[in-house]
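Reading the structure
Each chain, letter by letter, is given below.
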Amino acid sequence: MIEYDPHQWRSTFFALRGSMVRAIAVRSGLAMVFATTITVLHFYVTPLSFNEAAAAHGLIGPALSLLLVFRTNASYDRWWEARKLWGTIVNTCRNLARASSVHLSDEPERLTRVLALTASFPGTAMRELRGAPRVISESLSPVDREALARPGHLPTATCTRITALLDERRRQGRLPDMVFTSLDAHVATLVDAIGACERIHKTPLPFAYVVHLRRAIVLFCGTLPFALLGRFGVVALPLTFVISYVRFGIEEIGVEIEDPFEGDDNDLPLEKITATIERDVGAFRPPSSP
């Protein structure tokens, strides 16, 4: 994710990174090449300007704009929901570490293992969402590393290990049922959060909607010269480029933020969030722990 000052116009206006300008410019350039061909034919071969085309664009333009607005709104809703879910992961890890540091304070070894598993959860969740290879944290105890080495969903397995450590203490009569239930509720919240993130990651916008929208944009931009030449002449060329740039740009923004977990310039800063959780949870480690 790119950090920027929203009050600074100059730095954002001329920014290339994260603006998708290359992809948009290529598509707009193709539209302008086609418009140039039509313009040459119009002035040197046969007139290709149609009043009907201008009227049709006046009718289709608002409908296409609504489709584009829905596209970007739907993508931003997914982006913002993902950010709220990772905010939940941050707060839940902190709460689990805070409560564990109190209720397990008389057993530093178990507390250290619970905190290490809690701190490792966001990293495993991030790699799971990005389809990266499984990596088991070196900070975990050998017993926990062995348990997590089995095939399966690593974030859920991590939460299972936390619950197992808490339940073992409960069975020893050293953790009241009410306290165990409260702590395990935090663990369940982590499982719910990663499940909701996977729902966003694995469920793109409906295919039919994306296909229809892209066909409509290409049709609209491809027929712009026929609608603009009669009124604007050669000025239709830069107009075609600008209008195409805006239309293709709005659609590309929706594509860019639709899946906010991939690590692109406009996706969520999962590495930074993960580092924050690891730092905050690590602050609860017993003084004697490494």
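Refer to the structure presented above.
Keep in mind it's a predicted model, so treat the numbers as computed, not measured.

1. Observations regarding a nonpolar patch on the surface
Together, Val40, Leu41, Phe43, Tyr44, Val45, Phe232, Val234 and Val235 give the surface a local cluster of nonpolar side chains, amounting to about 790 Å² of exposed area. The element that contributes the greatest number of residues to the nonpolar patch is helix H2 (residues 21–44), accounting for 4 residues. Inspection of the secondary structure puts Val235 in the loop between helix H9 (224–232) and helix H10 (236–258). Residue class for Val235 comes out partly exposed when judged on its relative accessible area of 41%.

2. Describing the environment of Pro151
Relative to the helices and strands, Pro151 resides in the loop between helix H5 (142–148) and helix H6 (154–171). Distance in space between the C-alpha atoms of Pro151 and Arg134 is 9.6 Å, their sequence separation being 17 residues.

3. What to know about the side chain of Glu252
Tracing the backbone shows Glu252 in helix H10. Since its relative accessible area comes to 11%, Glu252 is described here as buried. Look past the residues within four positions of Glu252 in its chain and what remains in contact with it is Met20, Ile24 and Arg27.

4. Quick look at H9
Residues of H9 that are buried: Leu224, Pro225, Phe226, Ala227, Leu228 and Leu229. Contacts made by the buried residues of H9 are with H2, helix H3 (51–103), helix H8 (207–222) and H10. Positioned one or two residues after H9, Gly233 has a phi angle of 65 degrees, which is positive.

5. Some remarks on the side chain of Ser28
The topology assignment puts Ser28 in helix H2. There is a polar contact of 3.1 Å between the side chain of Ser28 and the backbone nitrogen of Tyr245. Leave out the neighbours within four places in its chain, and Ser28 touches Phe241, Ser244, Tyr245 and Phe248.

6. Considerations on the packing of aromatic side chains
The tally for this structure, following the rule as stated, stands at 4 aromatic pairs. Ring geometry for Tyr76 versus Trp79: centroids 5.9 Å apart, planes at 15 degrees, classification stacked. Within this pair, Tyr76 and its partner Trp79 are both found in helix H3, separated by 3 residues, close to a single helical turn. By relative accessible area, which is 43% here, Tyr76 ends up partly exposed.

How each quantity is defined
- Each chain has its residues counted from 1, running along the sequence as written.
- Residue-level local features of this predicted model are given only where pLDDT is at least 70; pairs of side-chain atoms are given and counted only at 80 or more, and the full residue set underlies all totals for whole chains, interfaces and linings.
- In computing side-chain properties, one takes all heavy atoms of the structure into account and sets aside hydrogens as well as water.
- Patch definition: residues above 30% relative accessible area lacking any salt bridge, with like charges linked at up to 9 Å and the nonpolar side chains Val, Leu, Ile, Met, Phe, Trp and Tyr linked at up to 5 Å.
- For the accessible areas, the method is Shrake-Rupley and the probe is 1.4 Å, while residue cover comes only from the protein chains on display.
- Here a salt bridge means any side-chain nitrogen of Lys or Arg lying within 4 Å of a carboxyl oxygen belonging to Asp or Glu.
- The way it works is that DSSP assigns letters per residue, a run of H or I at least four long becomes a helix, a run of E at least two long becomes a strand, and they are numbered from the N terminus.
- When a residue's accessible area, from a 1.4 Å probe over protein chains only, is under 20% of the maximum for its type it is buried; when over 50% it is exposed; and in between it is partly exposed.
- By definition, residues are in contact when any of their heavy atoms lie within 4.5 Å.
- Nitrogen and oxygen atoms within 3.5 Å of one another constitute a polar contact, given that in protein one can donate a hydrogen and the other can accept it, and given that sequence-neighbouring residues count only through two side-chain atoms.
- Each pair of aromatic rings taken from Phe, Tyr and Trp, with Trp reduced to its six-membered ring, is defined by centres within 6.5 Å and is described as stacked if the planes are under 30 degrees apart, edge-to-face if over 60, and tilted in the remaining cases.

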